[in-house]
Amino acid sequence: NNGIEIPVVGFGTWQTPDGEVARESVKTALEVGYRHIDTAAAYGNEVSVGQGIKESGVNRHDIFLTTKLWNDSHGYEATKKAIDLSLQKLDTDYLDLYLIHWPNPVAVREHWAELNAESWQAMEEAVKAGKIRAIGISNFRKHHLDELLKTANIVPAVNQNYLNPSDLQPDVLSANKEHDILNEAYSPLGTGDLLRNELVAEIAAAHNHSIPQVLLRWSL
Ligand SMILES: NC(=O)c1ccc[n+]([C@@H]2O[C@H](COP(=O)([O-])OP(=O)(O)OC[C@H]3O[C@@H](n4cnc5c(N)ncnc54)[C@H](OP(=O)(O)O)[C@@H]3O)[C@@H](O)[C@H]2O)c1
C-alpha cells in the first residue's frame, strides 16, 4: 500500500543458530537467488545475518531485509533503541521492513494497545529519518489492528501471520484486505508438521509433486 515492492519468496532465519550456520545459510540463500531475508531481534542472529549479506557480495540495495521488534522493547523509547540496535547488529544503514513481532506480550498485557501506539510512533519517525522503508505488524488479529489504526498515521504495509492450509486465518485476511495491507505468510510447511499431513500427501501424489512443492505453491 506504499508502492514498495517485496520479493514474493523470502528466506526465513527463525531457529537458525547465530554464527556460522546463520552466516553461511544467508550467504548461500543469496547465492542461489533469494533476495528477501527475514530475521528478528528475537532470533538472536542479526549479526550473522548481516555478515552473510556482506559475504554474499550481493548489493544491499538488491536485497529486501526484514527484522522485528521483540516483546521486551515495546513502548516509544525502547522501540527507538531497538531499531538502532538492529541496524547496528545487521550492519546496515536501513531496513526494508520492520515489524512489531507480537501485538500483546504477556509482560505488558495490561496496556498492550498504548504500547503498540507508542512503538508505532517511534517506527513512523524512523521511516521519516530514512532508517526504515516500510513498517508493519505480525501476529495481529483484527482487534489488535483496529486499536493500532486509531492513532497510526502510516497504515501498516504488511501483516505477517501463520498462514498455510492448516490455518486459513479468514478474519485476519479480511481485515488486511479492508486496509490494503499485504498478507505475508509464515511457516508454509507448518514448521514441518504439514509434511506428515495425509491429505496434503494425497494431493502431492495426485499431482506428481513433493509435499513441500504443493505447500509452497498454495502459499504463492
Ligand atoms: N512473525 C512470526 O512470528 C514468525 C513465526 C514463525 C516463523 N516466522 C518466519 O517464517 C519463517 C519460516 O517459518 P518456519 O520455520 O515455521 O517455516 P516452515 O517452512 O513451515 O518450516 C520449517 C521447518 O520445517 C522443517 N522441514 C523442512 N523440510 C523438511 C523435510 N523435508 N522434512 C522434515 N522437516 C522439514 C525444517 O526442519 P529443519 O530445521 O530440520 O530443516 C524446519 O524446522 C521463519 O524462519 C521466520 O522468518 C515468523
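Residues numbered from 1 in each chain as written. Predicted model: local features only at pLDDT ≥ 70, side-chain atom pairs only at ≥ 80, totals over all residues. Heavy atoms only, no water.

(A) Representation of the packing of aromatic side chains within the structure. Following the criterion strictly, the structure yields two aromatic pairs and no others. Both rings, one in Tyr162 and one in Tyr186, keep their centres 5.9 Å apart while their planes meet at 70°; by these two values the pair is edge-to-face. Placement of the pair is Tyr162 in strand E6 (residues 158-162) and Tyr186 in strand E7 (residues 182-186), with a sequence separation of 24 residues. Tyr162 sits in the partly exposed class, given a relative accessible area of 24%. One residue, Arg60, lies across the ring of Tyr94, its end atom 4.0 Å from the ring centre. (Phe/Tyr/Trp six-rings, centres within 6.5 Å; stacked < 30°, edge-to-face > 60°. Helix = DSSP H or I, 4+ residues; strand = E, 2+ residues; numbered from the N terminus. Buried < 20%, exposed > 50% of the residue type's maximum accessible area, 1.4 Å probe, protein only. Lys NZ or Arg CZ within 6 Å of the ring centre and 35° of its normal.)

(B) Representation of the packing of helix H1 (residues 20-31) against helix H2 (residues 46-56) in the model. H2 packs onto H1 with a crossing angle of 40° between their chain directions and a minimal axis gap of 7 Å. Judged by the inter-axis angle, H1 sits oblique to H2. Both H1 and H2 take part in a crossing whose hand is right-handed. Where H1 abuts H2, its residues Ala22, Arg23, Glu24, Val26, Lys27 and Leu30 lie against Ser48, Val49, Gln51, Gly52, Ile53, Glu55 and Ser56. Of the residues that constitute the contact of H1 with H2, the class distribution is five nonpolar, four polar and four charged. (Axes fitted to C-alpha atoms, helices over the stretch in contact; angles between N-to-C directions. Parallel < 35°, antiparallel > 145°, perpendicular 65-115°, else oblique. Left-handed = near helix turned anticlockwise from the far one by under 90°. Contact = heavy atoms within 4.5 Å. Nonpolar A, V, L, I, M, F, W, Y, C, P; charged D, E, K, R; others polar.)

(C) Structural detail: the side chain of Thr39. As for its placement among the helices and strands, Thr39 is situated in the loop between strand E2 (36-38) and H2. For Thr39, a relative accessible area of 0% puts it in the buried group. Engagement of the side chain of Thr39 in a polar contact is seen with the side chain of Asn45, the distance being 2.7 Å. Setting aside residues up to four positions removed in sequence, Thr39 forms contacts with Thr13, Asn45, Glu46, Val49, Thr66, Thr67, Lys68 and Leu90. (Polar contact = N/O pair within 3.5 Å; in protein donor to acceptor, adjacent residues only side chain to side chain.)

(D) View of the domain arrangement of the protein. Parsing the protein into structural domains produces domain 1 (11-187) and domain 2 (189-220). Using only C-alpha atoms to locate each centre, domain 1 and domain 2 end up separated by 27 Å. Listed by partner, the interface residues are nine residues for domain 1 and seven residues for domain 2. Here domain 1 packs against domain 2, burying approximately 610 Å² in sum over the two surfaces, 73% of which is carbon and sulfur. Looking at the side of domain 1 facing domain 2, the largest losses of area belong to Asn164, Pro165 and Ser187, adding up to 54% of the total buried there. Remark: the boundary between domain 1 and domain 2 carries zero salt bridges. Where domain 1 touches domain 2, the interface holds three residue pairs in polar contact (both at pLDDT 80 or more). Considering only residue class, the side of domain 1 that touches domain 2 consists of five nonpolar, four polar and no charged. (Domains from an automatic or database assignment. Buried area = accessible area lost by both parts, 1.4 Å probe. Salt bridge = Lys/Arg side-chain N within 4 Å of Asp/Glu carboxyl O.)

(E) Up close: the environment of Ile211. Examined against the element boundaries, Ile211 turns out to sit in helix H8 (residues 211-219). The exposure class assigned to Ile211 is buried, which follows from its relative accessible area of 18%. Placed 182 residues apart in sequence, Ile211 and Ala29 show a C-alpha to C-alpha distance of 21 Å. Ignoring sequence-local partners within four residues, the contact set of Ile211 consists of Leu194, Leu195, Val200, Ala201 and Ala204.

(F) A look at the site of the ligand. Close contacts around the ligand come from 19 residues, with Asp38, Gln160, Ser187, Leu189 and Thr191 the closest. Separating an oxygen atom of the ligand from a side-chain N or O atom of Asn139 is a distance of 2.9 Å. Leu189 places a polar main-chain atom, nitrogen or oxygen, 2.7 Å from an oxygen atom of the ligand. Protein contacts shield 60% of the accessible area of the ligand, which totals 910 Å² for the unbound molecule. Here the shell around the ligand is built from residues that sort into seven nonpolar, ten polar and two charged. (Near = heavy atom within 4 Å. Areas by Shrake-Rupley, 256 points an atom, 1.4 Å probe, with all protein chains shown as cover.)

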